[in-house]
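If you want the building blocks of each chain, they are given just below.
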Amino acid sequence: MAVPVEEAIAALSTFSLEDDQPEVQGLGVWVSADRGATTSPIEYSDVAAYRLSLAEDTKALNQSNSLIKVGKEMASVLYTYRSCVKALPQLPDAMKHSQGELYLETYQVLDLEMSRLREIQRWQASAASKLAADMQRFSRPERRINGPTITHLWSMLKLLDVLLQLDHLKNAKASIPNDFSWYKRTFTQVSAQWQDTDSMREELDDLQIFLSTRWAILLNLHVEMFRVNNVEDILQALIVFAVESLELDFALLFSERHILLRVLPVLVVLVTSSEDCDSLYKRIKINRLINIFKSDLVIPAFPDLHLSPSAILKELSGYFPKFTAQARLLAIPAPHELSPRERQYLIVNHIGAIQAEHDDFSIRFASSTNQLDLLKSAGSVDTEWSKEVKGNMYDMVVEGFQLLSRWTGRIWEQCAWKFSRPCKDQAPELHENSGLYADYEKVVRYNYSAEERKALVEIISYIKSIGSMMQRCETLIADSLGETIHAEVQDFVQNTLATMLRTTFRRKKDLSRILSDMRTLSADWMASTSKPESELQPLQQDPEESRGNFYPRPVAPTAAQVHCLQFLIYEVVSGGNLRKPGGLFGNSSSEIPVDDLKQMETFFYKLSFFLLVLDYTVTIGTLTDLGFLWFREFYLETSHVIQFPIECSLPWMLVDCVIGSPHTGLLESVLMPFDIYNDAAQQALTVLKQRFLYDEIEAEVDHCFDIFVSELCEIVFTYYKSWAASELLDSSFLFAVDNGEKYSIQPMRFSALFKMTRVRLLGRTMDLRCLIAQRMNRTFRENLEFFFDRFESQDLCAIVELENLVNILKHTHVLLSRELPIDSFSLMFNEMQENISLVSYSSRLAYQIWTEMQNDFLPNFILSNTTQRFVRSPKASVIPAQKPSMPHAKANLHCGNEDLNAAHQSFARLHSGFFGMPHMFSIVRLLGPKSLPWLIRALLDHISNKISSLEPMITGLQEALPKSIVLLPFDGGVMGCRRLVKEQLNWGSKAELKEEVLHGIKEIGSTLYWMGLIDIVLREVDTTRFMQTAPWLGIIPGADGQIVQSQGEGESPIVDLFKSTISAVVSDSRCTNPNSFYTMSKQAEAADLLYKANMSTGSVLEYALAFTSTALDKYCTKWNAAPKTGFIDITTSKNFYRIFSGLQIEYLEESICTSPNNHLVLGDSVAWGGCTIIYLLGQQLHFELFDFSYQVLNVAEVEATSLTLAHKNPHAVQGWEALVEAMKKVRRLNNHVFSILKARCPLEDKTAVPSCLRFVLLFFGAGLQEGW
């Protein structure tokens, strides 16, 4: 069924095409095939319909416009001309025979370029002749034709400006005469075989004279002007018009003002070189000219070329002898003769006022558009209020155009000023190729200070933002502008002129006829409630009552109507007399009252604004075009390089200034300088029409945008990394330090850039948000890679630092993921750990930890049982572990900045000298439930391998024992016992073997103690998980430590909650899909079963002990041989406890006699390893009964008692006091180990090893994963 049109339109109106992308970029390039409203689309052919006798003027105007169009194209050719000679190949000596062919091909290439120069020569001659003819036609004493019109005057000025620019380019471009000299040389070689070359030679000679003569075009124009009769009248009229336009700010566009400034000194030279040179100063005082020339010492001509009035006047004085008498004009200083303070060309000196103007205009323009929007949304409104709102909108548009013109003109003038005053100081950063483009660096790269660059970025942002704001409102205000212009014109021609006809011009037939013509050609009687004959009403009628009312109609006047109205007003004021004293609206000899003259002057100037306002989009595009900031054709030629590096490119300098600026608010304007590239590319294609320029701009944009995104991402990452590091700093540390403010981070605004999904560059649209997210993903991965490389270059104690750095990076990811769609941190972390696969239980970090433990930690670290810490042994390893060098990186890869790096490093250093519980927590948290079981299994395998490697060594020690070892006697005392033990333990030749056995037992003990630390950490994690899940599962710990159900056999609270909720939802009639809710209930029951099944987890230490016991079972026959008699074997036993007892007492003997202390080499791990093996072999009782050190302690106790009873000197025991104290310490440590082993692994549970294996599945499965 078809949808009604009204409903479809209503539905479409609900859709919004707007998004939340902020406006931090200028206007895009508008594609339009229509001609601008400022020119007549039919070449003023409709002027004839108004019967004003302007046929000659219109013909000359159209001719001038055509010449101007062609001349601008030729100026583009000259400006973009690059030397062809430098690209020509040079023949080697071996190919001299082909020199003739090379000359011919060179001639053919250069002939194409020279043909363009010939066209320019012919065109300038034709343009000068036609301009001179126009001036002569309108300078006749007797007036036979009407004119020139104001539009024609502007056309003459523009054509003269084009001739001046061509002459200036011809003088400045050195490559043109160079190429011509090569062309003439090749022509001489090639034309030797040609016939009838005389005409070609004459043409070459003329072209050579044209190119080699400075100001040849202006000299030719002077000859053409004064060939027949003088043209002082029209020249003086042009000077008067230019001076008044400059003084009254008549030119709305900055380009028109620059045209007037460029041609004014040329006009002055031309007039003063004539016979009647003194008549000029009767119409205009010389002081007015001098003030203009002094106020604008530098005039922009081309992007990197400028003109100076003083230079033009002084240089042309050599060609016009009569002008040399103008001493006051020739005394005007040149730009290089003034200090920068004498002329406020620099934008930085005005940026405060510009900012105030921008803010004030933005507020008032927004208010005007809001009022206009309210007016359109309202129904019937008051006519006066409607007229006031629309008139205010028109005034705001004109004011906006004036602001944009003034600001853009300031940029043009500052650039010209900078080009005229290069930097004189030696550049601080000169590189090897800098000499090739040092001149350009002095005028651009090193000629702008940091504050000047900042001010330039700000004014560009203001221009682009105002232009965008005005352009967005075009559809809203277009009709209002047309209605306001229509009302202005109709009010003047129907009311103001009617009043003048009834009063001032009633008896002046000629002037009355002109005013009537003005009304006839522009009055809209259809929109008026009055009659055309209103001017015939009696004089006594009140003027206010006689004013007509107009219906609002958006019908603006055409370019021809504006053209004719300006001409008629000029006719009324001047009477067509070019020699009229005073200015355009001077009243020195006019009979028109001042008030009427003022009204005509006001309307006259408004007429020229009307066309620019009607051509709204084109005017905004012209006023916001900043592409000239990129072009550098003149300096490319003088530097003899193909292109400058981007460091010398002003647009990139501005981007780099924003990125490196400490002003955080400037960052939102970072995309504005890229609009310069858009404008420059548009100029290259549509104005200069050179594809190679566009290619160069495109290449630079691609390179600059890549660098920009890279540097922007680095700034973003550094900021968020510093923010995260600052938030993770300990509060007590910040409270304790004196300068805690340096650890705080100043906020920066990136949200606008993060929302940029459509950045317009050279017709392409790029998603900046996506590009930043991609680079952030890569940066996070690179940062993790750096962390792992840094950890791999350090020992295991650096695991706390690694966790801290990872936590900072993780918090950075949390902060940044609120703004950007970046990958999850767990995915990137697992990816960099090479732990993505579901069946991969190892990881890069787990493997590194295991490698570090195997190569460095277990061999070189010793245990302190009292502090529960491992410390590095003072005795260095014989073969140090090979580690990569410490990687170096920027501060932002650590903690963001240097201050935060130092703060966090101070915390890391607290944990760098030992390994303990904080390190174990870091390992458990970093590895997680997937890789930790693999590490535990690797350590258990290490224990098994160590036991296997100890077996032959212990067998060797067993073989070295005597057949019978007697108990130590009490009568020999401690010293006698020591001698007896040394005699019985004949291991003198087994020193290396003993050391290897002790180190092996130490590693086993360290590994088992390490397992104990893991067990403590995991139990804490398990307790935390239990506290989190128990309330939902309805379970509590029982009296015997078992987990019991708090609600008996009932369902858990989470299942009850889901069932009751789903029952209430399903019972509601509005529930359309109950199956999904039933699925949720089933999932709650499955979760309940899964979590309950994983509540009872085992112990890592118990499993490790069970695994070690299983590994020892292979060697029970050797290490735990049963006595042959069935009784305890006291003297002949060679079981493991006997070996360890001997090793222990010798180890104690050496520890008090040698340096370093053996305890500092082996630590308490030996006791843990030896006692664990003894306990698991069931030899604890034997060890405690027959251990050598224990027997010595018993003897020492008896001996000390007997010495006390005999009142002997207590100093007699000092020889063995240290040994006895060491033995007591070892006995206490052994008893502590045995007590822990009995508590965690009773001997009667040795048969329960298979049940312990179930722990691995329970603890390291899904249950532990949920807990983490």
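Residues numbered from 1 in each chain as written. Predicted model: local features only at pLDDT ≥ 70, side-chain atom pairs only at ≥ 80, totals over all residues. Heavy atoms only, no water.

### Comments concerning the nonpolar core
Rules: In these notes, a set of buried Ala, Val, Leu, Ile, Met, Phe, Trp, Tyr and Cys residues joined through side-chain atoms within 4.5 Å is what counts as a nonpolar core. Burial status follows relative accessibility: with a 1.4 Å probe on protein chains alone, a residue under 20% of its type maximum counts as buried, one over 50% as exposed, and anything between as partly exposed. Labels follow the DSSP assignment, with helices taken as runs of H or I lasting at least four residues and strands as runs of E lasting at least two, numbered in each case from the N terminus. Here, residues are in contact when the closest pair of their heavy atoms is within 4.5 Å.
Grouped together as the largest cluster of nonpolar side chains are 374 residues, with contacts concentrated most on Ile411, Phe708 and Trp1010. With 20 residues, helix H35 (residues 917-960) is the largest single contributor of residues to this core. The residues touching isoleucine 411, leaving out its near neighbours within four places in the chain, are Ile347, Leu456, Ile459, Ile460, Ile463, Leu626, Phe628 and Leu629. Formed by five residues, the second largest nonpolar core is a distinct cluster that contains Phe1026, Ala1030, Leu1033 and Ile1035.

### Concerning a negative patch on the surface
Under the convention used in this document: Only residues whose relative accessible area exceeds 30% and that take part in no salt bridge are eligible for patches, with like-charged residues grouped when within 9 Å of each other and nonpolar side chains (Val, Leu, Ile, Met, Phe, Trp, Tyr) grouped when within 5 Å. Where accessible areas are quoted, they stem from the Shrake-Rupley method and a 1.4 Å probe; at the residue level, only the protein chains shown are allowed to cover. For this analysis, a salt bridge means a side-chain nitrogen from Lys or Arg found within 4 Å of a carboxyl oxygen belonging to Asp or Glu. Positive residues here are Lys and Arg, negative ones are Asp and Glu, while His and the chain termini are left out of the count. All charge positions are set by atom: Lys at NZ, Arg at CZ, Asp at CG, Glu at CD.
Together, Asp196, Asp198, Glu202 and Asp206 line one region of the surface with negative charge. Position of aspartate 196 relative to the elements: it lies in the loop between helix H5 (175-190) and helix H6 (198-212).

### Some words on a nonpolar patch on the surface
On the surface, a cluster of nonpolar side chains totalling about 240 Å² of accessible area is made up of Leu374, Val381 and Trp385. Mapped onto the elements of the fold, tryptophan 385 is located in helix H15 (residues 383-420). With a relative accessible area of 31%, tryptophan 385 lands in the partly exposed category.

### A closer look at the confidence of the model for the chain
Filter applied, for reference: pLDDT: the predictor's confidence for each residue, scored from 0 to 100.
Across the chain, pLDDT averages 83, with 86% of residues at or above 70. This model gives residues 31-35 a pLDDT under 50, and the stretch forms two contacts once residues within four places in sequence are excluded. In the model, residues 1245-1268 has pLDDT below 50 throughout and makes 45 contacts with residues more than four positions away in sequence or in other chains.

### Some remarks on helix H19 (residues 509-522)
How we decide: Take the residue count of a helix, subtract one, and multiply by 1.5 Å to get its expected span.
Across its 14 residues, H19 extends 20 Å between first and last C-alpha, which sits within 8% of the 20 Å expected from 1.5 Å per residue. Of the positions making up H19, those classed as buried are Leu511, Ser512, Ile514, Leu515, Met518, Arg519, Leu521 and Ser522. Looking at the buried side of H19, the elements it contacts are helix H18 (474-502), helix H21 (559-574) and helix H22 (594-614).

### So, the packing of H18 against H19
The test is simple: To get an axis, fit a line to the C-alpha atoms, keeping to the stretch in contact for a helix; angles then go from 0 to 180 degrees between the N-to-C directions. The cut-offs work like this: below 35 degrees is roughly parallel, past 145 is roughly antiparallel, 65 to 115 is roughly perpendicular, and the gaps in between are oblique. The handedness criterion is simple: a crossing whose near helix is rotated anticlockwise from the far helix by less than a right angle is left-handed, and one whose near helix is rotated clockwise is right-handed. Three classes are used: nonpolar for Ala, Val, Leu, Ile, Met, Phe, Trp, Tyr, Cys and Pro, charged for Asp, Glu, Lys and Arg, and polar for all others, with Gly counted as polar.
Packing of H18 against H19 brings their axes to within 10 Å, and their N-to-C directions diverge by 155°. The angle between H18 and H19 falls in the class roughly antiparallel. The element H18 and its partner H19 pack so that their crossing is left-handed. Between H18, through Val489, Gln490, Phe492, Val493, Gln494, Leu497, Ala498, Met500 and Leu501, and H19, the contact on the second element is made entirely by Ser512, Leu515, Ser516, Met518, Arg519 and Ser522. Looking at the contact of H18 with H19 residue by residue, the class counts come to nine nonpolar, five polar and one charged.

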